[in-house]
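Chain and residue survey
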Amino acid sequence: MKNKPLIFTGIGIFLLLILAYFGGSKYYDSRFLPNTTMGDTELSGVTVAEAKRVVTQELHANTVTVTEDGETVTTFTPFDLDAKVDSDAFLTKVKDEQNSWAWPLAFFNKYEVETSEVNVQFDEDALAKLVETLTLSKPDRVAPMSANVQSKDGAFVIEPEVPGTIIDTERLKEQLVQTVLSSEDTLTLEDAYVLPALTAESNELKQVVEKLQSLADVTITYTLMGDEIVVPKEQIATWLSLDNNGEPTVSVEAAKAYLQTLHDKYATYEKTRTFKSTNRGEVQVPPGEYGWSLAMEAESQNLAGYILAGEDVKTTPEILGSGYHEDGTDIGNTYVEVDLQSQMMYFYKNGERLMETPIVSGHTTTPTPVGVFYAWNKEEDAELVGYNPRRGNEYAQPVNYWIPVDWTGVGIHDAGWQSSFASDQWVNNGSNGCINTPPGAMEKLFSLMEVGTPVVFF
């Protein structure tokens, strides 16, 4: 049996390995496994009590340099803060979690003890003083600016955040603790700055951009006097922003400014008109009380609502006043024409002249106003009351037919008291501003004319 010595040697080696394995397990049952570290502190093969002493010694021996902008602000040691490490429970827990039977494998796997659960206590006054010193180390610290959404060239983009220099005292305390526990020798104040609430990578902002862009892409079409006007999308984009709650909002003032351009182009109220008269061709008639304008306040709110609704819209804006026609006409082809120069009045209906009559207009001291007005009422058997400045007396004059056309008391009525309706009668016997009309002609006009009919004085 030449192989017997080899067999006995192998058995012996095996038994030695078994003994070594069990011996190692017994050894590491009360000690940390190989390759166990906490920060830069080596804990391999030491007991919990020994580890506590080592951690405390190295804690107080470490000097930490605080820097900002690459410059040293101050230095301190945990001893300066009267640091105390309550590590018994923590180190015992870490030790209990290690499997002493796996000690051979520990030589090939590093075990880094997480320090976040270590309870380190500092003298609160000393810590507060250090934090205050660091916070005041730079004058005029500025707050960070969060990333935000901006409108540029008709598109929405995320404007990156701007870092600030204000120190978050709670984060600074956390940094101080972690620096001490990890045995690091440098703390950078930039790591404790207050962080912007939103960064350029925030999904929240990316979603906002998508939402704003979808709102800016709506098609809003106004129909005005036969025209179709599409609100420019690049302008809509500039009106959109976010309110304090982060919700899309529309600048009503910007919407109103846009509507003002439509008003200036299309509205007729308080505008001089070119009017084709019966006897004098085209004449310029100054503004009166007839005409329409955009309801700016109401329509600017409507426009903002259309945008925020996110749906395409085709609509006519809200109109104030009189005389709006979708076909683009203003006075139209049904109206009363009063030519003060020739002292003649005409009534047209649907473009056809149905009557004409001489009239007497206002005296030179109480002239008939010029402009475009409209019949806002019709009344039979009325009594006109007022004051005659030429005679210096009050009057109360009954008439058979009365059609007021402005809000100062001027209108059209029968005037049987006029001795003549010659073209120069107004010079000496003119009215207080009204259009005196022969009774028969006034009766006919009253029957033909409807409330709302434009009345042109020129």
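Residues numbered from 1 in each chain as written. Predicted model: local features only at pLDDT ≥ 70, side-chain atom pairs only at ≥ 80, totals over all residues. Heavy atoms only, no water.

A few words on the overall build of the protein. On a plain count of helices and strands, the protein comes out with twelve helices and 28 strands. Over its C-alpha atoms the protein spans a radius of gyration of 48 Å, topping by over 25% the 23 Å that the globule rule assigns to 458 residues. In terms of its C-alpha atoms, the protein occupies a principal-axis envelope of roughly 160 × 60 × 35 Å. The 458 residues of the protein split such that 41% are buried. For the protein, restricting intrachain contacts to residue pairs at least 6 apart in sequence, the fraction spanning at least 24 positions comes to 65%. On the protein, roughly 24,400 Å² of surface is accessible, and the fraction owed to carbon and sulfur atoms is 52%. For the protein, the distance from the average position of its 32 positive side-chain charges to the average position of its 68 negative side-chain charges is 7 Å. (Helix = DSSP H or I, 4+ residues; strand = E, 2+ residues; numbered from the N terminus. Rg over C-alpha atoms; globule rule 2.2 N^0.38 Å. Buried < 20%, exposed > 50% of the residue type's maximum accessible area, 1.4 Å probe, protein only. Contact = heavy atoms within 4.5 Å. Areas by Shrake-Rupley, 256 points an atom, 1.4 Å probe, with all protein chains shown as cover. Lys, Arg positive; Asp, Glu negative; His and termini not counted. Charge placed at Lys NZ, Arg CZ, Asp CG, Glu CD.)

What follows concerns the sheet that holds strand S25 (residues 393-404). Reading across from one edge, S24-S25-S26-S27 is the order of the four strands in this open sheet, with mixed pairing throughout. On the outer flanks of this sheet lie strand S24 (379-388) and strand S27 (435-437), each paired with one strand and no other. Direction aside, neighbouring strands of the sheet carry axes that sit 50 degrees apart on average. Looking at chain direction, strand S26 (residues 411-414) and S27 are connected through three bridges and run parallel. Looking at the pairing, Asp 414 lines up with Thr 437 of S27. Against the sheet, helix H12 (residues 439-448) contacts S24, S25, S26 and S27, and its axis sits at roughly 50 degrees relative to S25. (Pairing = 2+ DSSP bridges. Axes fitted to C-alpha atoms, helices over the stretch in contact; angles between N-to-C directions.)

So, about the pairing of strand S28 (residues 454-457). In S28, alternate side chains face the same way, and those of Pro 454 and Val 456 on one face and Val 455 and Phe 457 on the other are all buried. Summarising the sheet, strand S23 (residues 371-374) and S28 pair through four bridges and their orientation is antiparallel. Across the sheet, Phe 373 pairs through a bridge with Val 455, a residue of S28.

Bridge count for strand S21 (residues 344-349) against strand S22 (residues 352-358) is six bridges, and the pairing is antiparallel. Along S22, the bridge assignment pairs Phe 347 with Met 355. As consecutive antiparallel partners, S21 and S22 are separated by two residues, and within that stretch Asn 350 has a phi angle of approximately 55 degrees, a positive value.

This part covers the nonpolar core. Residues Ile 236, Trp 239, Leu 240 and Leu 303 are the most contacted members of the largest nonpolar core, which totals 35 residues. Sorting the residues of this core by element identifies helix H7 (203-216), strand S11 (220-224), helix H8 (233-239), helix H9 (252-266), strand S17 (292-294) and helix H10 (296-309) as the ones contributing at least two each. Leave out the neighbours within four places in its chain, and Trp 239 touches Val 231, Thr 249, Val 250, Ser 251, Ala 254, Ala 255, Tyr 258, Leu 303 and Ile 307. Grouped together as the second largest cluster of nonpolar side chains are 33 residues, Val 46, Val 55, Val 66 and Leu 81 included. (Core = buried A, V, L, I, M, F, W, Y, C linked by side-chain atoms within 4.5 Å.)

Enumeration over the complete set of coordinates arrives at 14 salt bridges. Among the salt bridges present, the one from Asp 69 reaches Lys 138, with a minimum N-O distance of 2.7 Å. With Asp 69 in the loop between strand S3 (64-68) and strand S4 (71-76) and Lys 138 in the loop between helix H5 (124-135) and strand S8 (148-152), this residue pair connects regions lying 69 residues apart in the sequence. Judged by relative accessible area, Lys 138 falls into the partly exposed class, the value being 24%. For Glu 228, the salt bridge is made with Lys 314, and the minimal N-O distance between the two is 2.6 Å. Of this pair, Glu 228 sits in strand S12 (residues 227-230) while Lys 314 is found in strand S18 (residues 313-315), placing the two residues 86 residues apart along the sequence. Since its relative accessible area comes to 53%, Glu 228 is described here as exposed. Its relative accessible area of 56% is what places Lys 314 among the exposed residues. By sharing partners, the salt bridges in this structure join Glu 68, Asp 69, Lys 138 and Arg 141 into a single network. (Salt bridge = Lys/Arg side-chain N within 4 Å of Asp/Glu carboxyl O.)

This paragraph deals with the environment of Val 85. In this structure, Val 85 sits in strand S5 (residues 84-86). Spatially, the C-alpha atoms of Val 85 and Val 120 are 4.6 Å apart, while their sequence positions differ by 35 residues.

Taken together, the three strands give an open sheet; going across it, the order is S2-S1-S6, and neighbouring strands pair in mixed fashion. The open sheet has two free edges, formed respectively by strand S2 (41-42) and strand S6 (111-112), since each of these has just one partner strand. In this structure, strand S1 (residues 36-38) lies alongside S6, joined through two bridges in parallel fashion. What sits directly across from Thr 36, in S6, is Tyr 111.

Helix length check: H9 (15 residues) gives 21 Å between terminal C-alpha atoms against 21 Å at 1.5 Å per residue, within 8%. What H9 keeps buried is the set Ala 255, Lys 256, Tyr 258, Leu 259, Leu 262, His 263 and Tyr 266. Projection of H9 onto a plane perpendicular to its axis shows the buried side chains occupying an angular sector of 160 degrees, all on one side. What points out from H9, more than 90 degrees from its buried face, is the exposed set Glu 253 and Lys 265. (Expected span 1.5 Å × (residues − 1). Arc of directions from axis to C-beta.)

Within the structure shown, the criterion is met by 13 aromatic pairs. Relative to Trp 407, the ring of Trp 376 has its centre 4.3 Å away and its plane inclined at 20 degrees; by these criteria the two rings are stacked. Here the residue Trp 376 occupies a position in the loop between S23 and S24, and Trp 407 occupies one in the loop between S25 and S26, the gap between them amounting to 31 residues. The exposure class assigned to Trp 376 is partly exposed, which follows from its relative accessible area of 31%. Site record: aromatic cluster; members linked through ring pairs are Tyr 27, Tyr 28, Trp 103 and Phe 107. Sitting over the face of the ring of Phe 446, Lys 378 holds its NZ or CZ atom 4.5 Å from the ring centroid. (Phe/Tyr/Trp six-rings, centres within 6.5 Å; stacked < 30°, edge-to-face > 60°. Lys NZ or Arg CZ within 6 Å of the ring centre and 35° of its normal.)

In this section: a nonpolar patch on the surface. A surface patch of nonpolar side chains, amounting to about 700 Å² of accessible area, comprises Ile 7, Ile 11, Phe 14, Leu 15, Ile 18, Phe 22 and Trp 101. By relative accessible area, which is 47% here, Ile 7 ends up partly exposed. (Patch = residues over 30% accessible without salt bridge, like charges linked within 9 Å, V, L, I, M, F, W, Y side chains within 5 Å.)

Put simply, H9 and H10 touch, their axes get as near as 9 Å, and they point 120 degrees apart. Classified by the interaxial angle, the pair formed by H9 and H10 is oblique. Seen from above, H9 lies across H10 with right-handed handedness. For the pair formed by H9 and H10, the contact residues are Val 252, Ala 255, Lys 256, Tyr 258, Leu 259, Gln 260 and His 263 on the first element and Met 296, Glu 297, Glu 299, Ser 300, Gln 301, Leu 303 and Ala 304 on the second. Partitioning the contact of H9 with H10 into residue classes produces seven nonpolar, four polar and three charged. (Parallel < 35°, antiparallel > 145°, perpendicular 65-115°, else oblique. Left-handed = near helix turned anticlockwise from the far one by under 90°. Nonpolar A, V, L, I, M, F, W, Y, C, P; charged D, E, K, R; others polar.)

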